[in-house]
Amino acid sequence: MKIAVCLKQVPSRDWQPRVNEARTWVRDAEATFEMNEPDAYALEEGLRLKERHGGEVVVCSAGPARVSQVVREALARGADRAIHVESDALAAADGAAVAGALADAMGGEAFDLVLTGLQSDDQGLAQVGVALAERLGMPHATIIMEVKVEDGALRVKRELEGGWFQWVAMPLPAVLTIQSGINQLRYATLKGIMAAKKKEIRKVEAAACASRQRIVNLYAPQKTKQTTMIGGSAAEAAAELVKRLRDEARAID
Amino acid sequence: MISVAVLALLVAVFGGLFAIQVWARLRLVRLAPGAFAAGHEAERSARFVREVVFQSKVIAEKPVVGLAHALVFWGFVAFAGYSGAQLLKGLHVVDLTGTRAFHLYMVALVPFALAVIAGILFLLVRRVAVRPEALGPLSWESVAIALFIAALMVTFLLDFRLAGWPAAVNWWAHILIILVFLAIIPNSKHFHLVLAPATVFLKSTVLGDVRNLDFEKEEVGIETLAGLEKKQVLDAFTCVECGRCQMNCPAYGTDKALNPKRLILQNEEALLAGMMEAKLAGVYDPGVLWQCTTCGACENQCPVGVEHLPLIIGARRGLASNGEAPDALGAMYNHLERRGNIWGLTSDVRQKFVESAGFETFDASRHDYLLWLGCAGSYEADFQKSLRALAEILRARGVTFGVLAKERCTGDAAKRTGNEYLFQELATANIADFEAAGVKKILTSCPHCLKTIGEDYRAFGFIVEIEHSAVLVSRLVGDGRAAPPDVVTLHDACYLARYAGRTEEPRDLLARVGAVVKDPVRSHHNPFCCGAGGGLLFEEHEEGTRISQRRFEQLQATGAPTIVTACPFCSIMLKGAQASANAATEVVDLMTYVDGRLKAASARAASPGWPAAGQRQP
């Protein structure tokens, strides 16, 4: 099975984000980066499917030159080769633009299965996977908790709200967006790291970035403090306090 | 003339047998990769004199048995001249035996002979009748060798009395015993009398000295038997099978499959069988490599200089490099890789603690010490308390310190579990931070950080003065005995007591704050591990009895209501054991305890109504 795993490099959770002057993006020149967490689970799932069914795992990433950090990391964990769509503009592009850039680079490969993380830890759009499916002309399923390949087709478990799940049967090829925690991540082994140095990373020039969405204001939620004095007798005040704790603060049931 | 020819023939046959067997073993040593460690010759020589000539380790750890062994050893050395001269006489090379000097030498040997007989008979009785667990099943070969040694002494003593043909018979008996002995020893544990002087000399001067892998040479750790290094092959042939490693091993002592002696003997057997391509982990019993806490008891107790830790960690590397580390460690590696700490928490947790504790960012121009928090000091609520206590003690005594704006794990857990790449990544990044900040003196409350920064980082050329808080604070704290008296027991942490040799400082400190220390079994330089070291803090299922539970029981048996320890991992393990036992015994970190005692003492000094020191409070 020829499996593609799309990876995004996102600012590390350890980095305290600071907004740029135009308030359109974070100051990513100061950031440290890491592999988007749901994508790490998608990669692990891809590697496990390869171990079970054979084939190869190709990681695909769109973004500036620095993205090679997570691409190398994926190769060290066992991916066979990589495609890097290199463009500075893709770092903050919208989901459709990233999906378009990835689809252009992946189109000729005829993948049987394309995995992405459910969403990214930075923008959290959860769009790239589904838009990519559209561009590649493949069916897709989202928020995947389990993947089974049976008789050349898929049976996948989707997570719904409120603790519900759903099993979906679908044909291959397909695009799946993977939920975090679906498997246990492997670690990068010394041999894997050594082998990664010799693996191919195919660099692809991105066409002009066609983001149609534009961030107009990026800001952190304002923290506010408010003090209210509750008057009346002790009994009235207590009743009012309970009411407010329940209805406004939702601190009690 | 016939007797000379017969003797020459016998010497050739038995000497040949000896040489063939020795050659087979030394060839394996020669073919093995790596090199014998060099340097520290003065220290090694001093240790050689102490441990080989004076048998200090053999005696210190087991005085009676050790003394019996020392008598036999010294006797053996003393007799070399006598037996050698007899052989030279028999071969008609030169006859020294008729000289007056030789006669005086013989007279001087008499007490040695008696001592050897006494020693060997004692050891023989112990082996045959007492049969301690450490020695394993009875080996008739050892019995034969003991009887040979006794017979050598008897033939020597008879030499004073006999004349004529009985003297000739006695002479032949002496020579034959020596020759047969020579042919037996290479394939027996008695080969240690040839190799142990070398292994004791060659052993590292540092406990648990696991050299860095060289990635340029594509080293990945020990995967097959052929990957055993020279010293490890030599160790396999040197092991005297005394079982001291086994009896001091916390894994063996809690019914786990790991037995350090067995590892060494399995190496020996597989090496002699020529299984060079066999997977090393397959030579051992399944899973044993992951049961080692790296407490260092085996290596530290071994009287013949066997180094178990480089073997176990080297074999772990061979597994980890192929993705065969246990799953729980894989998760920990990912935490280290992504978050730089063993628990995978985000750095804002540490940041909040640093701010609330009022720790300044280290500035070499203003601060005496860099206070290294470590993973536990940064992220574990209980140990954060200990760091706050330490800070109070330091501030009250005008010692200035700062912390790094960001810290990552020293890599201890990665090093000890065989993830060498991750260890070196963390180490080099930390060293760059230390150098950029101009760090000269480091203070830490974690004995594992102490070992890793203080010893393992030397391999990168980074040499820094680093101290455990117990040591510094024991120098700073004066008389705090005004607090009401208290009884505690001290759990010596392996990495503080056994590795760093700091056994007295915590005790001095406790005494100075008015605590009476009741030592448990296995204390001071040979503590029983808490079970957390070597990555086992993350172990999911522990075979046999829990090591932490066993240690907790030993500490509880002292009757002291409080267990004091000076290591965050010991603290986590012992608190866990205390919770599962639902015991009243309290576990507290040394700094938290000392700070509390100092405060109690000053509160009491400030209030005149308190009873005089030495009396219990109502």
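Residues numbered from 1 in each chain as written. Chains lettered and ligands numbered in written order. Predicted model: local features only at pLDDT ≥ 70, side-chain atom pairs only at ≥ 80, totals over all residues. Heavy atoms only, no water.

A. Quick peek at the overall build of chain B. Within chain B, the regular secondary structure consists of 27 helices and eight strands. Its C-alpha atoms give chain B principal-axis dimensions of about 95 × 60 × 45 Å. Scored against the burial criterion, the 618 residues of chain B give a buried share of 54%. If you take every contact in chain B between residues at least 6 apart in sequence, the share linking residues at least 24 apart comes to 79%. Of the roughly 25,400 Å² of accessible surface on chain B, 61% is carried by carbon and sulfur atoms. (Helix = DSSP H or I, 4+ residues; strand = E, 2+ residues; numbered from the N terminus. Buried < 20%, exposed > 50% of the residue type's maximum accessible area, 1.4 Å probe, protein only. Contact = heavy atoms within 4.5 Å. Areas by Shrake-Rupley, 256 points an atom, 1.4 Å probe, with all protein chains shown as cover.)

B. Structural view of the sheet that holds strand 10 (residues 174-178) of chain A. Residues and elements named next belong to chain A. Strand order in the open sheet formed by nine strands is 9-8-7-10-6-1-4-5-11, and the pairing between neighbours is mixed. Each of the sheet's edge strands pairs with one partner strand only, and the pair in question is strand 9 (165-171) and strand 11 (201-205). The average angle at which neighbouring strand axes cross in this sheet is 30°, direction not considered. Across seven bridges, the pairing between strand 8 (residues 153-159) and strand 9 is antiparallel. Note on strand 9: the bridge partner recorded for V156 is V168. (Pairing = 2+ DSSP bridges. Axes fitted to C-alpha atoms, helices over the stretch in contact; angles between N-to-C directions.)

C. View of the nonpolar core. Core analysis: the largest hydrophobic core is formed by 155 residues, its most contacted members being I342, F359, L371, F434, I442, I453 and L590 of chain B. With nine residues, helix 5 (residues 100-130) of chain B is the largest single contributor of residues to this core. I453 of chain B has contacts with W372, T410, F434, I442, F462, V464 and I466 of chain B, leaving out every residue within four places of it along the chain. Listed in part, the 38 residues of the second largest apolar core include L7, L47, V71 and V147 of chain A. (Core = buried A, V, L, I, M, F, W, Y, C linked by side-chain atoms within 4.5 Å.)

D. The arrangement of the domain arrangement of chain A in detail. Under the domain assignment used here, chain A contains domain 1 (2-205) and domain 2 (226-253). One C-alpha centre belongs to domain 1 of chain A, the other to domain 2 of chain A, and the line joining them spans 48 Å. (Domains from an automatic or database assignment.)

E. A look at the packing of helix 18 (residues 381-396) of chain B against helix 22 (residues 469-476) of chain B. Residues and elements named next belong to chain B. Packing of helix 18 against helix 22 leaves a shortest axis separation of 11 Å and a crossing angle of 35°. Crossing angle aside, the handedness with which helix 18 passes helix 22 is left-handed. Every residue of helix 22 that contacts helix 18 at L390, I393 and L394 is listed here: S469, L472, V473 and L476. Across the contact of helix 18 with helix 22, the residue classes tally to six nonpolar, one polar and no charged. (Left-handed = near helix turned anticlockwise from the far one by under 90°. Nonpolar A, V, L, I, M, F, W, Y, C, P; charged D, E, K, R; others polar.)

F. Representation of the pattern of salt bridges in the model. Applying the stated rule across the entire model yields 49 salt bridges over all chains. Ionic pairing is found between R502 of chain B and E505 of chain B, a salt bridge with its closest N-O pair at 2.7 Å. A relative accessible area of 16% places E505 of chain B in the buried class. Salt bridges linked by common partners bring K2, E56, R81, E109 and R202 of chain A together as one network. (Salt bridge = Lys/Arg side-chain N within 4 Å of Asp/Glu carboxyl O.)

G. Region of interest: a nonpolar patch on the surface. Residues L241, V242, L245 and I252 of chain A make up a contiguous nonpolar surface patch of about 280 Å² in total accessible area. Here L245 of chain A lies in helix 6 (residues 234-247). (Patch = residues over 30% accessible without salt bridge, like charges linked within 9 Å, V, L, I, M, F, W, Y side chains within 5 Å.)

H. Spatial organisation of the side chain of E467 of chain B. Its location among the elements puts E467 of chain B in strand 4 (residues 465-468). Dropping the residues within four chain positions of it, E467 of chain B is found in contact with Y369, I442, L443, T444, L450, L472 and R475 of chain B.

I. Molecular detail of empty space enclosed by the protein. All names here are of chain A. The final tally for this structure, using the stated rule, is 13 cavities of 30 Å³ or more. Counted as a void, the largest cavity has a volume near 410 Å³. Around the largest cavity sit 38 residues that line it, and K8, D39, V98, S120 and V128 are the ones nearest its centre. Secondary structure elements with two or more residues in the lining of the largest cavity: strand 1 (2-7), strand 2 (9-11), strand 4 (56-63), helix 3 (95-106), strand 6 (113-117) and helix 4 (128-136). Examining the composition of the lining of the largest cavity, we find that four residues originate from one element, strand 4, more than from any other. (1 Å grid on protein atoms, 1.4 Å probe; cavity = no way out; pocket = protein on both sides within 12 Å on 5 of 7 lines; lining within 4 Å. Points joined across faces, edges and corners; volume = space filled by probe spheres on them.)

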